[in-house]
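# A structural walkthrough
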Amino acid sequence: MFEIIRANERGRAHFGWLKSQHTFSFGDYYNPQQMGFSALRVINDDEVAPGAGFSTHGHRNMEIISYVLQGQIAHKDSAGNEEILPAGEFQLMSAGKGIYHSEYNASKTAPLKFLQIWIEPNQFDGAPGYQQKDFGRQPGLTWVITPDGRDGTLTIKQDAALAQLLLAENDSVDFPLQAGRAYYLHLIQGELTLAGLTLQPGDGLKIAAMDQLQGLAAKGPVLALWFDLPG
């Protein structure tokens, strides 16, 4: 099963200081056909003006991932974490029983671009947690988030995993598939062809009940995120 979500089909919001594109229903954007996929609830492409940002607000029982594409996030939360998240790094904040945080563009002159991702947990009302790491730029699939934190990955409170995909032009990848699982691919950069489909930046693909799947970087470099989710 494939279902493609094209970049131009995503919801949009513009608040002056913030431009955002929503893969799934979020805020004022409501699409009953796109309420999430498996435990994946939010993928937002956010562009934040210099010096602006999200003032202090709360979350509960959500696994919140930030991946910076350009610039730096200045993060501060009620658990005492105060960090700078630069481009290329992954941040995972487990909201648990409740946490307040703010996210600002750390620059007064350059825009901030990042992906905001929410995954629903399978553990509830625990202590909030914060993790942050740069996993480098290795070609192919690099696992960055797993349920058990194996091999130095960030640990998520869900039977889900996230990998970073990097391909040079004309390189290919065999995606790891397992019966009974669901998968989501979000393309950030480049052009990727798979199963007769061509994905452009901002496109996403829901995948289920597949035995094998290979992707080819038709235009590179390719940068994407690969989600392994409960079926």
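What you see is a predicted model; the values in this text were computed from it and never measured.

### Here we look at the layout of surface pockets
The calculated volume of the largest pocket comes to roughly 250 Å³. Around the largest pocket, the lining is made up of 17 residues, and of these Phe 15, Leu 18, His 22, Phe 26 and Phe 54 lie nearest the centre. Where the lining of the largest pocket is concerned, the elements lending two or more residues are strand E2 (11-14), strand E3 (18-22), strand E4 (40-48) and strand E5 (53-59). The element that contributes the greatest number of residues to the lining of the largest pocket is E3, accounting for three residues. The residue makeup of the lining of the largest pocket, split by class, is seven nonpolar, six polar and four charged.

### Describing the sheet that holds strand E10 (residues 99-105)
Within the open sheet, the four strands sit side by side as E5-E10-E7-E8. Their pairing is antiparallel. With one partner strand each, in any of the chains shown, E5 and strand E8 (82-86) form the two edges of the open sheet. With direction set aside, neighbouring strand axes in the sheet form an average angle of 20°.

### Overview of the pattern of salt bridges
Taken as a whole and assessed by the stated rule, the structure comprises eight salt bridges. In this structure, the salt-bridge partner of Arg 60 is Asp 125, at a minimum N-O distance of 3.0 Å. Taken together, the residues span a long stretch of sequence, with Arg 60 in the loop between E5 and strand E6 (63-70) and Asp 125 in the loop between strand E11 (112-119) and strand E12 (129-134) at a distance of 65 residues. A residue is classified by how much of its surface remains accessible, and Arg 60, at 53% relative accessible area, is exposed. Across the salt bridge formed by Asp 148 and Arg 150, the nearest N and O atoms sit 3.1 Å from each other. Since its relative accessible area comes to 52%, Asp 148 is described here as exposed. Via salt bridges that share partners, Asp 159, Arg 181 and Asp 228 belong to a single interconnected network.

Definitions and cut-offs
Residues numbered from 1 in each chain as written. Predicted model: local features only at pLDDT ≥ 70, side-chain atom pairs only at ≥ 80, totals over all residues. Heavy atoms only, no water. 1 Å grid on protein atoms, 1.4 Å probe; cavity = no way out; pocket = protein on both sides within 12 Å on 5 of 7 lines; lining within 4 Å. Points joined across faces, edges and corners; volume = space filled by probe spheres on them. Helix = DSSP H or I, 4+ residues; strand = E, 2+ residues; numbered from the N terminus. Nonpolar A, V, L, I, M, F, W, Y, C, P; charged D, E, K, R; others polar. Pairing = 2+ DSSP bridges. Axes fitted to C-alpha atoms, helices over the stretch in contact; angles between N-to-C directions. Salt bridge = Lys/Arg side-chain N within 4 Å of Asp/Glu carboxyl O. Buried < 20%, exposed > 50% of the residue type's maximum accessible area, 1.4 Å probe, protein only.

Limitation: the analysis is restricted to geometry and does not speak to function.
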